[in-house]
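# A closer look at the structure
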Amino acid sequence: GNSMSLEWIRRMEERDLDEVLAIENDAFLTPWSRSSFLNEIHGSNAVPLVLIEPGSQRVAGYLCSWIVLDECHILNLAVRRDCRRRGYASRMIDHLIRFCREKDVERYYLEVRVSNVRAITLYEKFGFHVCGLRKAYYQDTGEDAFIMLRSAPCQ
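This section reports on the structure supplied with the text. (Residues numbered from 1 in each chain as written. Predicted model: local features only at pLDDT ≥ 70, side-chain atom pairs only at ≥ 80, totals over all residues. Heavy atoms only, no water.)

The helix and strand inventory of the chain stands at four helices and seven strands. Put simply, the chain runs from its N terminus to its C terminus through helices and strands in the order β-α-α-β-β-β-α-β-α-β-β. In summary, the chain has a C-alpha radius of gyration of 15 Å against a globular reference of 15 Å for 155 residues, a match within 12%. The burial tally for the chain puts 45% of its 155 residues in the buried class. The long-range fraction of contacts in the chain, counting pairs at least 24 apart against all pairs at least 6 apart in sequence, stands at 59%. Carbon together with sulfur atoms contributes 51% to the accessible area of the chain, which is approximately 8700 Å² in total. Computed over 21 positive and 22 negative side-chain charges, the separation of the two mean positions in the chain equals 4 Å. (Helix = DSSP H or I, 4+ residues; strand = E, 2+ residues; numbered from the N terminus. Rg over C-alpha atoms; globule rule 2.2 N^0.38 Å. Buried < 20%, exposed > 50% of the residue type's maximum accessible area, 1.4 Å probe, protein only. Contact = heavy atoms within 4.5 Å. Areas by Shrake-Rupley, 256 points an atom, 1.4 Å probe, with all protein chains shown as cover. Lys, Arg positive; Asp, Glu negative; His and termini not counted. Charge placed at Lys NZ, Arg CZ, Asp CG, Glu CD.)

Buried residues of helix H4 (residues 117-125): Ala 119, Ile 120, Leu 122 and Tyr 123, and no others. Buried residues in H4, looked at end-on, bunch into an arc of 160°, giving them a common side. When the buried face of H4 is taken as reference, the exposed residues oriented beyond 90 degrees from it are Val 117, Arg 118 and Lys 125. As for H4, its buried residues are in contact with strand S4 (71-79), helix H3 (88-102), strand S5 (107-113), strand S6 (128-134) and strand S7 (145-150). In the stretch just after H4, Gly 127 is the one whose phi turns positive, near 90°. (Arc of directions from axis to C-beta.)

With mixed pairing, the seven strands of this open sheet are ordered in space as S1-S2-S3-S4-S5-S7-S6. Pairing within the sheet leaves two strands with one partner each, and these edge strands are strand S1 (8-11) and S6. When strand polarity is set aside, the average angle formed by the axes of neighbouring strands in this sheet is 25°. Both S5 and S7 contribute to a ladder of six bridges, which runs antiparallel. Each bridged residue has a counterpart across the sheet, and for Tyr 108 the counterpart in S7 is Arg 150. Packing against the sheet, helix H1 (residues 17-27) makes contact with strand S2 (46-52), strand S3 (59-68) and S4, and its axis sits at approximately 90° to S3. (Pairing = 2+ DSSP bridges. Axes fitted to C-alpha atoms, helices over the stretch in contact; angles between N-to-C directions.)

Let's shift gears to the layout of surface pockets. The computed volume of the largest pocket comes to approximately 1300 Å³. Looking at the largest pocket, it is lined by 38 residues, and the ones nearest its centre are Phe 28, Leu 77, Ala 78, Asn 116 and Ala 119. Listing elements by their share of the lining of the largest pocket, those giving two or more residues are H1, S4, H3, S5 and H4. It is S4 that provides the largest number of residues to the lining of the largest pocket, a total of seven residues. Residues of the lining of the largest pocket, tallied by class, amount to 19 nonpolar, nine polar and ten charged. (1 Å grid on protein atoms, 1.4 Å probe; cavity = no way out; pocket = protein on both sides within 12 Å on 5 of 7 lines; lining within 4 Å. Points joined across faces, edges and corners; volume = space filled by probe spheres on them. Nonpolar A, V, L, I, M, F, W, Y, C, P; charged D, E, K, R; others polar.)

Set out below in structure tokens:
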């Protein structure tokens, strides 16, 4: 990013949860609960990140993932509605990949709704590709999920 961008990324903390839950409830049909996010905050393998908006110091977005051995599973990513289209999701993914590189992570994967073209396009930009399908993965709508993988052939 340019030198004017002062947003910053840090680990999610309990004090962030009211803002995180407001974004989550606005962004998703079947939102995670507070206890789900608490599990991320306190999980030893979990890497929950928040991006703090410049100026306001509010949470503008978050990214939850787990690192297990040499794999990273991206679980949840959202950006506040009034902060979208500023590259914040990309900043968080880039930050996660840099963090994972130091932990010797070799593979990244995630599930995404087949209809979520914007997310699929974003992940493709970072070298993810669709490598499988989970039928009726989303219980709320019965929609399928693509499995997307980065940096290794599908096993």
